[in-house]
Amino acid sequence: MTVRRPLVPALLLVAALAGCTVPVADVTPPVQTVQDDRPLADLNLVADPRSQVGPNTAVLASERIVPVTVDPSQILPAQVVSHDPGGDLNIAVSDTSRVIGLDLAGSIAATIQGLGFGDTLVGRDISTTFPEAADLPVVTSGGHTIDAESVLKLRPTLIITDGTIGPRDVLTQLRQSGVTVVFVTNEPSFTGAADLARTVAAALGAPDVGELLATRIQTDVAAKIAEIAAIAPADPANRVRIIFLYLRGSSGIYYLFGEQSGADRLIDGLGAVDVAREIGWDGEKPMTDEAIVAANPDLILVMTDGIASAGGIDGLLKAKPAIALTAAGKNRRFVDMADGDILSFGPRSADVLDALARAIYAPAGS
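So, a few notes on the structure that sits alongside this text. (Residues numbered from 1 in each chain as written. Predicted model: local features only at pLDDT ≥ 70, side-chain atom pairs only at ≥ 80, totals over all residues. Heavy atoms only, no water.)

Once that is clear, we can look at the pattern of salt bridges. In this structure the tally under the stated criterion is 19 salt bridges. Residue Asp 274 is joined to Arg 277 by a salt bridge in which the shortest nitrogen-to-oxygen separation is 3.8 Å. Take Arg 277: its relative accessible area is 32%, and that puts it in the partly exposed class. Put simply, Arg 348 and Asp 341 hold a salt bridge, and the shortest N to O gap is 3.9 Å. The exposure class assigned to Arg 348 is buried, which follows from its relative accessible area of 6%. Several salt bridges share partner residues, and in doing so they unite Lys 224, Glu 227, Asp 354 and Arg 358 into one network. (Salt bridge = Lys/Arg side-chain N within 4 Å of Asp/Glu carboxyl O. Buried < 20%, exposed > 50% of the residue type's maximum accessible area, 1.4 Å probe, protein only.)

In structure tokens, the structure reads:
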């Protein structure tokens with residue numbers, strides 16, 4: 001029937017670490033990036049982004065997610081393939097009136113909102129932070145652990161997940177309780193964000209809307225990457241050398257993210273040099289002194305809560321003196337961004353690139 005309705009690799013690692021308690025240190029926050037709606041080329045760009053001194057925070061101009069359409073059409077039941085950890089299953093989705101999207105980065109719920117189905121959401125994971133979902137009850141606890149009781153209280157008819165949060169037994173339990181559970185693939189990349197729009201839309205019985213959102217993501221990201229390329233140094237030798245560190249200092253966790261982590265795609269999009277790729281760093285592994293000295297980055301990307309958990313920049317440099325030997329450490333050149341934003345590939349991917357580019361190439365006070 002046709003229904004008309006009214007108006008990552010890296011993530012798997014973080015999921016494994018999510019149970020760690022992460023108290024936030026009482027530290028002075030970095031300088032806030034001034035939000036300016038002018039094009040990047042019109043900003044007060046630094047002459048040499050490699051030698052910039054001091055920290056900055058990248059902030060989205062708006063956390064809101066504008067749906068690609070206000071009146072999406074559906075055809076239900078929808079026949080989809082669920083990519084379960086134990087093997088693919090054919091699933092029939094017949095009821096999308098009460099939906100929960102679950103993943104480590106909050107990308108699935110953001111995609112549901114971007115598709116125009118935000119009013120079907122009845123619960124959220126802790127990483128789903130866009131304003132339209134603020135009043136939804138949180139169904140994850142202990143970091144990123146699904147609370148089965150909290151989920152069942154909401155009487156969901158459909159759960160869409162990528163398996164990055166669990167436990168898996170809870171998802172099995174929910175399916176056995178009569179809830180339709182669909183596993184989707186979710187590659188941490190800009191291409192993956194467009195693909196996620198298509199697969200989530202298919203599960204909602206709205207593949208045409210999925211193509212609309214995928215096209216918007218691809219178009220916006222391509223335009224933003226081109227805009228950034230126009231202000232980044234043309235000579236590769238002058239481009240900012242960047243690494244991404246995942247920090248949970250209170251738990252002694254210091255990970256360097258390399259290729260296939262999502263951080264590599266982000267750094268490429270920023271017109272910078274992914275130093276982890278240069279030193280042959282694959283995936284997500286504990287940072288070593290040798291690797292950090294060999295990398296010698298000009299700038300280090302971190303999550304806001306992550307750097308706070310390490311006691312701020314001073315605490316991090318004290319705990320890991322090797323970082324202090326790098327150009328980034330000497331210049332205290334860190335750019336942080338909210339944990340739920342920086343690696344959340346989805347409808348706001350172009351906005352994430354824009355915010356980071358402003359913090360890198362036109363930092364406040366420059």
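The next point concerns empty space enclosed by the protein. Looking at the largest cavity, its volume works out to about 50 Å³. Along the walls of the largest cavity sit Ala 105, Gly 106, Ser 107, Ala 110, Ser 344, Phe 345, Gly 346, Pro 347 and Arg 348, which together make up its complete lining. A breakdown of the residues in the lining of the largest cavity according to their chemical character gives four nonpolar, four polar and one charged. Taken as a whole, the second largest cavity spans an internal volume of roughly 30 Å³. In this structure, the second largest cavity is lined by Phe 190, Leu 266, Asp 341, Ile 342, Leu 343, Ser 344, Phe 345, Ser 349 and Val 352. For the lining of the second largest cavity, the secondary-structure elements that each account for two or more residues are α14 (339-342) and α15 (349-361). Tallied by class, the residues present in the lining of the second largest cavity amount to six nonpolar, two polar and one charged. (1 Å grid on protein atoms, 1.4 Å probe; cavity = no way out; pocket = protein on both sides within 12 Å on 5 of 7 lines; lining within 4 Å. Points joined across faces, edges and corners; volume = space filled by probe spheres on them. Nonpolar A, V, L, I, M, F, W, Y, C, P; charged D, E, K, R; others polar. Helix = DSSP H or I, 4+ residues; strand = E, 2+ residues; numbered from the N terminus.)

Let's shift gears to the sheet that holds strand β10 (residues 158-161). Ordered by their spatial adjacency, three strands build an open sheet running β7-β10-β11, and the pairing between neighbours is parallel. On the outer flanks of this sheet lie β7 (99-102) and β11 (180-183), each paired with one strand and no other. Put simply, the sheet's adjacent strands are angled 15° from each other on average, direction ignored. Pairing geometry for β7 and β10, over four bridges, is parallel. Paired with Leu 102 across the two strands is Thr 161, which belongs to β10. In this fold helix α4 (residues 168-176) packs onto β10 and β11, with an angle of close to 140° to the strand it touches most, β11. (Pairing = 2+ DSSP bridges. Axes fitted to C-alpha atoms, helices over the stretch in contact; angles between N-to-C directions. Contact = heavy atoms within 4.5 Å.)

A few words on α4. Buried residues of α4: Val 170, Leu 171 and Leu 174, and no others. Each buried residue of α4 lies within a common arc of 100° when the element is viewed along its axis, so the set occupies one face. Relative to its buried face, α4 has exposed residues pointing more than 90 degrees away, namely Arg 168, Asp 169 and Gln 176. Here the buried face of α4 lies against β9 (145-146), α3 (148-153), β10 and β11. (Arc of directions from axis to C-beta.)

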